[in-house]
Amino acid sequence: MSNDYPDDCLGKAEAPSLSPALSGFKGIGTYEWLVDEDRLVWSPELMAIYGVDRAPDTERGFSDRVHPEDRTRVEAETPSFMGEGDAYEDEFRIIRPDGEVRVVHDRGLIERFENGAVRRMRGINIDITELRQNQLKTEADLRESAARLQLAYEVADIYAWDLDLRARRSVWSGGLYNLLGLKEADPASDELFFRHVHPEDEHRLRACFDEAIVSRTTFDEVFRVVRTDGEVRAVVGKGRVIEELDGEPARMIGVNYNVTDRIQALEQNHLLMQEVNHRFKNVLSLTQAIARQTMLTRPDDFLDRFTARVQALAAAQDMLVHNRWSGVHLGALVRSQLAHMEDLIDRRIRLSGPRLKIKADAAQALGMAVHELATNAGKHGALSNDAGKVDISWR
């Protein structure tokens, strides 16, 4: 095909042909479209991209090779490009004769007659199929990576944030909105977050946050937040400045994670340790009292009687521990103190009374009393012979 045109058809300057400069580059082809003749001139490289042996005769022939999903848009853009300006750029898919789909980036220049009408459009097509495929794969990998990261955040109860320090705008993960009881439609910012910090912690937290920005140090604090429903949660916040512009901090990233359950567990453990310490002192005091009382009454058999009384105390203690110090049922307590007389229960020892639960402190003292009464009955009272009986009742 000829590329020669009469001189009187030209504008003031003839643009140099694109074909010689780009000839031979695989994946880059050149074309010319003589608009008034509706005639196309394609380079061999462009024909290779489209998988054809010859160029289409007309612009309609080119449009037929554009992917149907892109064709309407491309056909609508062409008159727009021709309407004004001297350059254009587009991207679309083509279908080769063998059915293969390729992605093409189109760039060109527009030459006009002196009256402004378009004389011809000359440009290049670059096959960017592999580039777009790699981009799609990269985007898919990034989405998959982000999904895994989000899952890890959710499992670990961690919420990420990214703060633009100049605009004071933030990007939050979905979990951070949930932590504060907010909707994701609410524009995120550090000020919005601070409005949900517990009033008793807000001043301290703001000061630590500002100091970390100014000094470029890591922000690492434990504080409380108040959800929109009024629930208070304990949170750890960590963050640091990662970007600067003109020597000033510009961006800060960080995470928050919910430690409410952990804090509550620590507080519960502290209370339990205090309770254990209190009960240990009580048991120690009671043991000392038993030792003194045993020694004062009959010192000659001190060891045997003291051992028996401590065992009675231990039995009551075991029941309390088994019931998590929430108290014991009186019937079970009495039976535990009569364990050494178990064969006499229901024969010579009769127990009666309703199902009654007593407090922990009362259980220790009452257990000791039952033990002493049973011991006396066995040595000096009704159980010291073969015929006596004992009734133990409560109401």
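Residues numbered from 1 in each chain as written. Predicted model: local features only at pLDDT ≥ 70, side-chain atom pairs only at ≥ 80, totals over all residues. Heavy atoms only, no water.

J.: Just checking my understanding: could you explain empty space enclosed by the protein for this structure?
T.: Under the criterion given, the structure shown has 2 cavities of 30 Å³ or more. Roughly 220 Å³ of volume is contained in the largest cavity. Lining the largest cavity are 18 residues, and of these Tyr31, Glu59, Phe62, Tyr88 and Asp106 sit closest to its centre. Those elements that place two or more of their residues in the lining of the largest cavity are strand 1 (28-34), strand 2 (39-42), helix 2 (44-50), helix 3 (59-65), helix 4 (68-83), strand 3 (87-95) and strand 5 (118-127). (1 Å grid on protein atoms, 1.4 Å probe; cavity = no way out; pocket = protein on both sides within 12 Å on 5 of 7 lines; lining within 4 Å. Points joined across faces, edges and corners; volume = space filled by probe spheres on them. Helix = DSSP H or I, 4+ residues; strand = E, 2+ residues; numbered from the N terminus.)

J.: I'm lost on the layout of surface pockets in this one. Help?
T.: Remark: the empty space left among the atoms is shown by a probe the size of a water molecule rolled over them. Roughly 230 Å³ of internal volume is contained in the second largest pocket. Ala369, Val370, Leu373, Ala374 and Ile392 are, among the 15 residues lining the second largest pocket, the residues nearest its centre. Only helix 11 (330-337), helix 12 (360-379) and strand 14 (390-393) provide two or more residues apiece to the lining of the second largest pocket. Counting residues per element, the lining of the second largest pocket draws most heavily on helix 12, which supplies 6 residues.

J.: Any chance you could explain the pairing of strand 9 (residues 232-245) here in plain terms?
T.: Along any regular strand, the residues point their side chains to alternate faces of the sheet. Pairing of strand 8 (residues 219-226) with strand 9, which is carried by 8 bridges, proceeds in the antiparallel orientation. Paired with Phe223 across the two strands is Val235, which belongs to strand 9. Between strand 8 and the antiparallel strand that follows it, strand 9, lie 5 residues; Gly230 among them carries a positive phi value of about 95°. Count of turn residues in the strand 9/strand 10 (residues 248-258) antiparallel hairpin: 2 residues, of which Asp246 carries a positive phi of about 55°. (Pairing = 2+ DSSP bridges.)

J.: Whenever I open this one, the sheet that holds strand 4 (residues 101-112) confuses me. Can you help?
T.: Two orientations exist for strands paired in a sheet by backbone hydrogen bonds: parallel and antiparallel. Spatially, the 5 strands line up as an open sheet ordered 2-1-5-4-3, and their pairing is antiparallel. Looking at strand neighbours, the two that pair on one side only are strand 2 and strand 3, the edges of this open sheet. On average, each strand axis in the sheet is tilted by 25° relative to the strand beside it, whichever way the strands run. Two strands pair when backbone bridges link them, and strand 1 and strand 2 are joined in this way by 4 bridges, in the antiparallel orientation. In the strand pairing of strand 2, Leu34 is matched with Arg39. Relative to the sheet, helix 4 contacts strand 1, strand 3, strand 4 and strand 5, its axis offset from that of strand 3 by approximately 160°. (Axes fitted to C-alpha atoms, helices over the stretch in contact; angles between N-to-C directions. Contact = heavy atoms within 4.5 Å.)

J.: Looking at this structure, I do not really get helix 8 (residues 199-215). What am I missing?
T.: An α-helical segment advances 3.6 residues per turn. Residues three or four places apart therefore align on the same side. Relative to the 24 Å expected for 17 residues at 1.5 Å per residue, helix 8 spans 25 Å between its end C-alpha atoms, a close match to the ideal helical length. For helix 8, the elements touching its buried residues are strand 6 (158-164), helix 7 (190-194), strand 8, strand 9 and strand 10. Downstream of helix 8 by one or two residues, Arg216 has phi in the positive range, about 60°. (Expected span 1.5 Å × (residues − 1).)

J.: Help me understand the sheet that holds strand 6, please; the structure alone is not making it clear to me.
T.: Strand order in the open sheet formed by 5 strands is 7-6-10-9-8, with antiparallel pairing between adjacent strands. Each of the sheet's edge strands pairs with one partner strand only, and the pair in question is strand 7 (169-172) and strand 8. Neighbour to neighbour, the strand axes of the sheet diverge by 25° on average, direction disregarded. Bridge analysis of strand 6 against strand 7 gives 4 bridges, and the strand direction is antiparallel. Bridging from a neighbouring strand, Trp161 pairs with Trp172 of strand 7. Along the sheet face, helix 8 touches strand 6, strand 8, strand 9 and strand 10 and points at about 150° away from the line of strand 8.

J.: Just checking my understanding: could you explain the nonpolar core for this structure?
T.: Grouped burial of nonpolar side chains is what soluble globular proteins tend to show. Ranked by internal contacts, the top residues of the largest apolar core, which has 25 residues, are Trp172, Phe193, Phe209 and Met252. Contributing elements (two or more residues each) for this core: strand 6, helix 6 (174-180), helix 7, helix 8, strand 8 and strand 9. Not counting the four nearest positions on each side in its chain, Phe209 is found in contact with Trp161, Leu163, Arg168, Asp190, Phe194, Phe219 and Met252. Counting residues in each nonpolar core, the second largest holds 22 residues, with Tyr31, Trp42, Val52 and Val66 among its members. (Core = buried A, V, L, I, M, F, W, Y, C linked by side-chain atoms within 4.5 Å. Buried < 20%, exposed > 50% of the residue type's maximum accessible area, 1.4 Å probe, protein only.)

J.: Even after reading the chapter, I still don't get helix 4, so can you show me in this structure?
T.: Over its 16 residues, helix 4 runs 24 Å from end to end, which matches the ideal 22 Å to within 8%, given 1.5 Å per residue. Packed against the buried residues of helix 4 are strand 1, helix 3, strand 3 and strand 4. Just beyond helix 4, the residue with positive phi is Gly85, at close to 90°.

J.: I'm lost on the confidence of the model for the chain in this one. Help?
T.: Caution applies to low-pLDDT regions: their predicted coordinates should not be interpreted in detail. The predicted model of the chain has a mean per-residue pLDDT of 83, with 84% of residues at 70 or higher. In the predicted structure, residues 1-16 sits below a pLDDT of 50 and forms 22 contacts with residues beyond four places in sequence or in another chain. (pLDDT = per-residue confidence, 0-100.)

J.: Looking at this model, I keep getting lost on the packing of aromatic side chains. Mind explaining?
T.: Ring pairs (aromatic) are described by centroid distance and by the angle formed between their planes. For the coordinates displayed, the defined rule picks out 11 aromatic pairs. Arranged with centres 6.3 Å apart and planes meeting at 55°, the rings of Trp161 and Phe209 form a pair that is tilted. Here Phe209 lies in helix 8 and Trp161 lies in strand 6, a separation of 48 residues in the sequence. Phe209 matches Trp161 in its accessibility class, with the two residues each being buried. When the centroid spacing of 6.3 Å and the interplanar angle of 85° are considered together, the rings of Trp172 and Phe193 count as edge-to-face. Highlighted residues: Trp172 in strand 7 and Phe193 in helix 7, separated in sequence by 21 residues. Here Trp172 and Phe193 have matching classes, each one buried. (Phe/Tyr/Trp six-rings, centres within 6.5 Å; stacked < 30°, edge-to-face > 60°.)

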